[in-house]
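Observations on the three-dimensional arrangement
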Amino acid sequence: MTDASATAPLPGIAPSRSVAGDIWRQFRAHRGGLAGLFVFVFIVLAVYVGPYIHQVAPNTINVRERNQWPSWAHPFGTDNLGKDMLAQVLAGGRISLAVGITAMLLALLLGTLVGVLSGYFRRLDGPLMRMTDLFLALPLLPLLLVILMLFRDTLRSAFGPETGIFILIVFVIGITSWMHTARIVRGDVLAVKSQEFIVAAKSSGMREHRIIIRHVLPNVLSSIMVSATLGIASAIITESALSFLGLGFPSDFPTWGRLLYDGANFMQLTPSRVLWPGLAISLTVLSVNFMGDAIRDALDPRALKR
Amino acid sequence: MFTYTLRRLFFAIPTLLVISFVIFALLDLAPSDPTGDLPLTIPPEVREQIRASLGLDQTFLIRYLKWLQQFFVNEPLNLLESLTGWQFGDGERMRVLSWATRSPVVDLIVQRLPQTLWVVGLAYLFGILIAIPIGVISAYKQYSIFDQVGTFVSMVGYSVPTFFTGIVMIVVFSSYLQWFPSVYDTNLRVTDLDSLWLQVKQMAMPVAVLALYNASQITRFVRASMLDNLNQDYVRTARAKGVKEKAVLLVHVLRNSLIPVVTVVALGVPTIFSGAIITEQIFRVNGLGQLLITAVQGADIPLVQTLTFIFALLIVLFNLIADVLYGILDPRIRYD
């Protein structure tokens, strides 16, 4: 028994690589997921590299060229102040993606923490899961709106208009979207905890936090990854929805949702103002959702049979 | 089952109390002053009187308990009185008053409820009616063209946010083709066929946007649940003993597959009320969502508190209904 567990890690390295290879093969087999990956990489590249190619500052006001339809100088047209829409969509994308990814990371951190704690420590399970249920019963969008309305001025004066709103939005999205991750992680931890290698680690005198980090977390990583991808999508949608309702970022610090909100009043004059930010949100979310589907299929042991 | 329901109902009470406390505390502890928007020329003592008239001179706990009494005792009694015509006491009860309009919050909600129920409820119903056949056919013909197109469309419908589909529909159908009005007219009374047609026209776009979104979500559930059931042994048994394919699919598989779908549909009902905030905003439907937005923008704290709590109440209630339904529909589930 001891021999088996002592020799297990050595060959264990090689299969773990091939498991990753397996997953990648499964992922590639999912055409939607592969297309989603390409589109997502393209959007990220466009948003971060694009400004070096299209060198127009997003906030330059040029009233003579206002409300223009797409042209070579302004591929996406201009808005009612003559700001270049392509530059604004690119700048907005940087903020939207940053908000989506940071909020997802925060939600993931919270969700994993709560999930692992309540799955691993029996005494914490009851209270933590009651708290999760409580959060799930809160009406989130109304609450987000209310929190933003009430706290934006305070934070804006404390951290400046841009950082304050960024912190606030990331924080509120993060603390209101960790519940599903927590539930999934808890279920997985419960399943992992009853397996022999955890008992072995415990009986060898390993500290609890080492067991969690070395043995439990790597085994629940797959479901965390799926919730991570889906978390980016929902965070981007939530941020755009808040900005669309006029309670998100200010218009001189545009995100895709804010651009859509500002453009909605001009949609008959220059439809491209709503088209491009909206398409950008939709494509990003769609590609991320397809990637999430593909990862879930790739990690699903039932799918390996096919 | 009955004791389970009772136990759940019993547990719902502390949950709701905690939620109401959280909502109340969150709104109350926020650094905002309801008299902050008033002109600076108002003398401080008058300002204090205004604060007292809003009930702000009391401590936090007293205000919370009073709100609880108003919401859970006074308002239901009022509702009962107006419904049955009975009289309880002298009928002089403190009601939850909106700061902006100075009218009872519940009256405002009752005014806005029909629009939301019509537009959003109808959209939910249409969503379910579209989703079930598409999900069934997609699962039955897995990997066929129909399935691939259906899965892709449902993914798109689920990913594209409603505020984008709504705006695109307004640009195409309202400003370019001019088929439908882009603003919902609440004053329209349906008296004859013409006004009915107008009503249908103004409801078409918001209902379509929301129905598409709901349908794509539910389709995914129906398809997954059907796929789970189609591979079960009982399906093979039914086919082997010569049951017609139509009966296998529609009687055996569909009925079993709809069990989880029913609970998902029940869980989604609260979003009818709160989730349509954005759609109502785009099409200017003055329903509950718009009431909430105007209340949030106007810092009308009592209205926001009450509306948010009603949404939370609906979520807790429908969670319970979903669990109980699951137990009733699926005899394999035993809670006791």
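Residues numbered from 1 in each chain as written. Chains lettered and ligands numbered in written order. Predicted model: local features only at pLDDT ≥ 70, side-chain atom pairs only at ≥ 80, totals over all residues.

As annotated in an unreviewed UniProt entry, chain B is ABC transporter permease from Pseudorhizobium endolithicum. According to the UniProt record, the Subcellular location (unreviewed entry) comment for chain B reads "Cell membrane". In UniProt, chain B has this text filed under Sequence similarities (unreviewed entry): "Belongs to the binding-protein-dependent transport system permease family." (UniProt positions renumbered as here; feature names shortened; annotations may be inferred.)

Named according to an unreviewed UniProt entry, chain A is ABC transporter permease originating from Pseudorhizobium endolithicum. Per its UniProt entry, chain A bears the Subcellular location (unreviewed entry) comment "Cell membrane". As stated in UniProt under Sequence similarities (unreviewed entry), the record for chain A gives "Belongs to the binding-protein-dependent transport system permease family."

This next bit is on the packing of helix 11 (residues 288-297) of chain B against helix 12 (residues 301-329) of chain B. All names here are of chain B. Where helix 11 contacts helix 12, the axes come no closer than 9 Å and their chain directions differ by 145°. Along this stretch, helix 11 crosses helix 12, giving a crossing that reads as left-handed. Counting all contacts with helix 11, which are made through Leu288, Leu291, Leu292, Ala295 and Val296, the residues of helix 12 involved are Leu303, Val304 and Leu307. Here the residues of the contact of helix 11 with helix 12 are counted per class, giving eight nonpolar, no polar and no charged. (Axes fitted to C-alpha atoms, helices over the stretch in contact; angles between N-to-C directions. Helix = DSSP H or I, 4+ residues; strand = E, 2+ residues; numbered from the N terminus. Left-handed = near helix turned anticlockwise from the far one by under 90°. Contact = placed C-beta atoms within 7 Å. Nonpolar A, V, L, I, M, F, W, Y, C, P; charged D, E, K, R; others polar.)

With that out of the way, let us pick up the interface of chain A and chain B. Contacts between chain A and chain B engage 32 residues on the former and 37 residues on the latter. When contributions to the side of chain A that touches chain B are tallied by element, the ones reaching two or more residues are helix 6 (140-159), helix 10 (208-244), helix 11 (256-264) and helix 12 (272-299) of chain A. In terms of residues, the side of chain A that touches chain B owes the most to one element, helix 6 of chain A, which gives ten residues. Taken together, the residues of the side of chain A that touches chain B break down into 26 nonpolar, six polar and no charged.

Another point: the nonpolar core. Where a protein is soluble and globular, its nonpolar side chains tend to be buried together. Among the nonpolar cores identified, the biggest contains 141 residues, and Leu145 and Val146 of chain A together with Leu292, Val304 and Leu307 of chain B are the most heavily contacted of them. Of the residues forming this core, the biggest block, 16 residues, is contributed by helix 4 (residues 85-120) of chain A. When neighbours within four sequence positions are excluded, leucine 307 of chain B is seen to be in contact with Pro142 of chain A together with Ile109, Leu288, Leu291, Leu292 and Ala295 of chain B. (Core = buried A, V, L, I, M, F, W, Y, C linked by C-beta atoms within 7 Å. Buried ≥ 20, exposed ≤ 12 C-beta atoms within 10 Å, placed from the backbone.)

Residues and elements named next belong to chain A. UniProt annotation of "transmembrane region" (unreviewed entry) refers to residues 34-53, 95-121, 133-151, 163-185, 216-237 and 274-292 when read in the numbering used here. Along residues 95-121 one finds 96% helix and 0% strand; the C-alpha atoms at either end are 38 Å apart. Taken end to end, residues 274-292 is 100% helix and 0% strand, and its first and last C-alpha atoms sit 27 Å apart.

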